[in-house]
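# Structural characterization, general
Chain by chain, the residues run as shown.
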Amino acid sequence: MSAEFVLGPKAVRAGYELRHLQSTPSTNSHALEFSIEALSRAGKHEGMAPGIWFVADRQTMGRGRQGRRWIWHEGNLAASLLLILPSTVRAPQILSFVAANALADAVEPFLGGTGEELRLKWPNDLLLSGGKLAGILLEARTMGNGCRAVALGFGLNVKGAPENISYPVASLAGFGCDADRHCLFRALGESWHENYCLWNDGHGTARVLSRWRNRAHGLGGAVRIEGPGKAVEGIFLDIDGDGHLILLQNDGQRTHVASGDVSFSDVDRPDGRFGKGER
Ligand code: BTN
C-alpha cells in the first residue's frame, strides 16, 4: 500500500503531472485558477503536460453539480484533472463519460471480496448497491487563446459517506473494502489514461459510450428527470451519440435530454415511487 499520492507508470510515461495539495477549498477551482495563471504566464499552452492532476489531503468547500456542495469526509478522495484542449476538439462533454468509465475501472478491482457491483447513473455518478459512491464534476472555461480548460473533478467516498442526505449514499469502507485513497488515485491515473486514449479526441466516442452503457443503471426502466423549471417522466431507452438521455415520455413522445437530475424509482424509493432526484 502506498502512503502518498503518486501516478502509475502509464500516466508518468504519457507525461501527466501531479500537484499535491494539503488542503484546498476545491480541487476543481484550484485546477481552473491554475490554468488561467499558467496561460497568462506563458501566453500559450504548448509545452504543458497532457494533463495535470490536483489531489488534496483535505477539501473544505467541495462543489457538486448544479451548484450543490460536496461534503468532505476524512480519508475520501478529492482529485481534479486539468486538460487544455484545442477549440477544434469535438464534443468535450463526452469527457464526463470517459471520466465515469475511468473511475469505475479504477474502483472495480478493489471490490472483489465485497461481492458488490458498480453501476453508472446518468450522466456520471457511480452507484454501489444503489447508493451514490462517487460524483464527477466537469467544468470548462474558454481561454484567451481560444483553447478550452477543462477540469474534471472526482469525489469518491472511500472511508465514509455524508450523513443526513436526501438520497442513498455509499462508501467503499461501508461494504468492507479496505482500499485506501492513495491506491485508488494511482489506479485512477492509469485508467484515465487508457480511457482517454480510447476517446481519441472524439474519434472513439462510440466506444466510450458503449463502455458506459454496459454499466448503466436503469436502462429500460422508469425514470424521472428534473431539469431547469420542469420535470419529465418516462422510460430510459438509451443514450444517444452526444451522451444525451433518450426518454420515452409517458405521453409517447421521445425526447433527448441533455442535462438534469435523474431519479429511478428502485434506487430512490423502495416503494417504487420516484424519490428526490437531487444528487
Ligand atoms: C456531483 O455533484 O456528483 C459531483 C461531485 C464532484 C466532487 C468533486 S471532489 C473533487 C472535485 N472538487 C470539487 O470541488 N468537486 C469535485
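Cut-offs applied
Throughout, a residue's number is its position along its own chain's written sequence, starting from 1. In view of the model being predicted, local features appear only for residues whose pLDDT reaches at least 70, and side-chain atom pairs are presented and counted only at 80 or more, with totals across whole chains, interfaces and linings using the full set of residues. Only hydrogens and water are set aside; all other atoms, that is, all heavy atoms of the structure, feed into the side-chain values. Domain borders in the structure are assigned automatically or taken from a domain database. Whether two residues touch is decided by their heavy atoms; if any such pair falls within 4.5 Å, the residues are in contact. Put simply, buried area is how much 1.4 Å-probe accessible surface two parts lose in total, over both of them, once they are put together. One side-chain nitrogen of Lys or Arg within 4 Å of one carboxyl oxygen of Asp or Glu is enough to make a salt bridge. Counted as a polar contact is a pair of N or O atoms within 3.5 Å, where, for protein atoms, one must be capable of donating a hydrogen and the other of accepting one, and residues adjacent in sequence contribute only when both atoms are in side chains. Strands are runs of DSSP state E lasting at least 2 residues, helices are runs of H or I lasting at least 4, and numbering of each runs from the N terminus. Values of pLDDT, ranging from 0 to 100, describe the predictor's confidence in every residue of the model. Note on pairing: DSSP must find at least two bridges between two strands before they are called paired. Ring geometry is summarised as follows: Phe, Tyr and Trp rings, the Trp one being its six-membered ring, pair when their centres sit within 6.5 Å, and such pairs are stacked at plane angles under 30 degrees, edge-to-face over 60 and tilted between the two. Exposure is judged per residue with a 1.4 Å probe applied to protein chains only, and the accessible area is read against the type maximum: over 50% gives exposed, under 20% gives buried, and values in between give partly exposed. Take the buried residues of types Ala, Val, Leu, Ile, Met, Phe, Trp, Tyr and Cys, join any two whose side-chain atoms come within 4.5 Å, and each joined set is a nonpolar core. Cavity and pocket criteria rest on a 1 Å grid covering protein atoms alone: a 1.4 Å probe that fits but cannot get out defines a cavity, protein on both sides within 12 Å along at least 5 of 7 lines defines an open pocket, and an atom within 4 Å of a point defines a lining residue. Grid points are joined across faces, edges and corners, and a volume is the space filled by probe spheres set on the points. Three classes are used, and their members are as follows: Ala, Val, Leu, Ile, Met, Phe, Trp, Tyr, Cys and Pro are nonpolar, Asp, Glu, Lys and Arg are charged, and the others, Gly among them, are polar.

### Comments concerning the domain arrangement of the protein chain
When the parts of a complex come together, some accessible area is lost, and that lost area is often used as the size of the interface. Here the domain parsing of the protein chain yields domain 1 (9–213) and domain 2 (222–273). The distance between the C-alpha centroids of domain 1 and domain 2 comes to 24 Å. Each partner contributes to the interface: domain 1 provides 16 residues, whereas domain 2 provides 18 residues. Together domain 1 and domain 2 conceal approximately 1,300 Å² of surface at their shared face, both sides included; 58% is due to carbon and sulfur atoms. On inspection of domain 1 and its partner domain 2, the count reaches three salt bridges. With a closest N to O distance of 3.0 Å, Asp261 and Arg68 form a salt bridge. Taken together, the links from domain 1 to domain 2 amount to six residue pairs in polar contact (both at pLDDT 80 or more). It is helix α5 (residues 205–214) that provides the largest number of residues to the side of domain 1 that touches domain 2, a total of four residues.

### Quick notes on the confidence of the model for the protein chain
In the predicted model, the protein chain carries a mean pLDDT of 90, and the fraction of residues at 70 or more is 91%. Here residues 267–272 is modelled with pLDDT under 50, and outside its nearest four sequence neighbours on either side it reaches 16 contacts, counting other chains as well. This stretch, residues 275–279, has a pLDDT under 50; its non-local contacts, to residues over four places away or in other chains, come to 22 contacts.

### Remarks on the environment of Leu7
With respect to the secondary-structure elements, Leu7 resides in the segment before α1 (9–14). Among all residues touching Leu7, those that are not within four sequence positions of it are Val12, Tyr16, Glu17, Leu18, Trp53, Phe185 and Arg186.

### Details of the pairing of strand β4 (residues 118–121)
Taken together, the four bridges between β4 and strand β5 (residues 125–128) define a ladder with antiparallel strand orientation. If you follow Leu118 over to β5, its bridge partner there is Leu128. Count of turn residues in the β4/β5 antiparallel hairpin: three residues.

### Here's the deal with the packing of aromatic side chains
Tallying each qualifying case throughout the model produces eight aromatic pairs. Taken together, a centroid distance of 5.7 Å and an interplanar angle of 90° make the contact between Phe5 and Phe185 edge-to-face. Separated by 180 residues along the polypeptide, Phe5 in the segment before α1 and Phe185 in helix α4 (residues 181–199) bring together distant segments of the chain. When sorted by exposure, Phe5 lands in the same class as Phe185, which is buried. With a centroid separation of 6.4 Å and 35° between ring planes, the pair formed by Phe236 and Phe264 is classed as tilted. In this pair, Phe236 sits in strand β9 (residues 230–239) while Phe264 sits in strand β12 (residues 261–264), placing the two residues 28 residues apart along the sequence.

### Some points on the nonpolar core
Core analysis: the biggest nonpolar cluster contains 61 residues, and Trp53, Leu95, Val107 and Trp192 have the highest contact counts within it. Looking at this core, the element that brings in the most residues is helix α3 (residues 95–107), giving 10 residues. When residues are assigned to domains, this core turns out to be shared by domain 1 (9–213) and domain 2 (222–273), each giving three or more. Grouped together as the second largest cluster of nonpolar side chains are 15 residues, Leu21, Leu32, Ala38 and Ala151 included.

### Digging into the layout of surface pockets
There is about 410 Å³ of room inside the largest pocket. Arg63, Gly64, Arg69, Trp70 and Ile71 are, among the 31 residues lining the largest pocket, the residues nearest its centre. Of all the secondary structure elements, the ones that give two or more residues to the lining of the largest pocket are α2 (27–42), β3 (77–85), β6 (131–142) and β7 (148–156). Looking at which element gives the most residues to the lining of the largest pocket, the answer is β6, with four residues. When the residues that make up the lining of the largest pocket are grouped by side-chain class, the tally is 11 nonpolar, 12 polar and eight charged.

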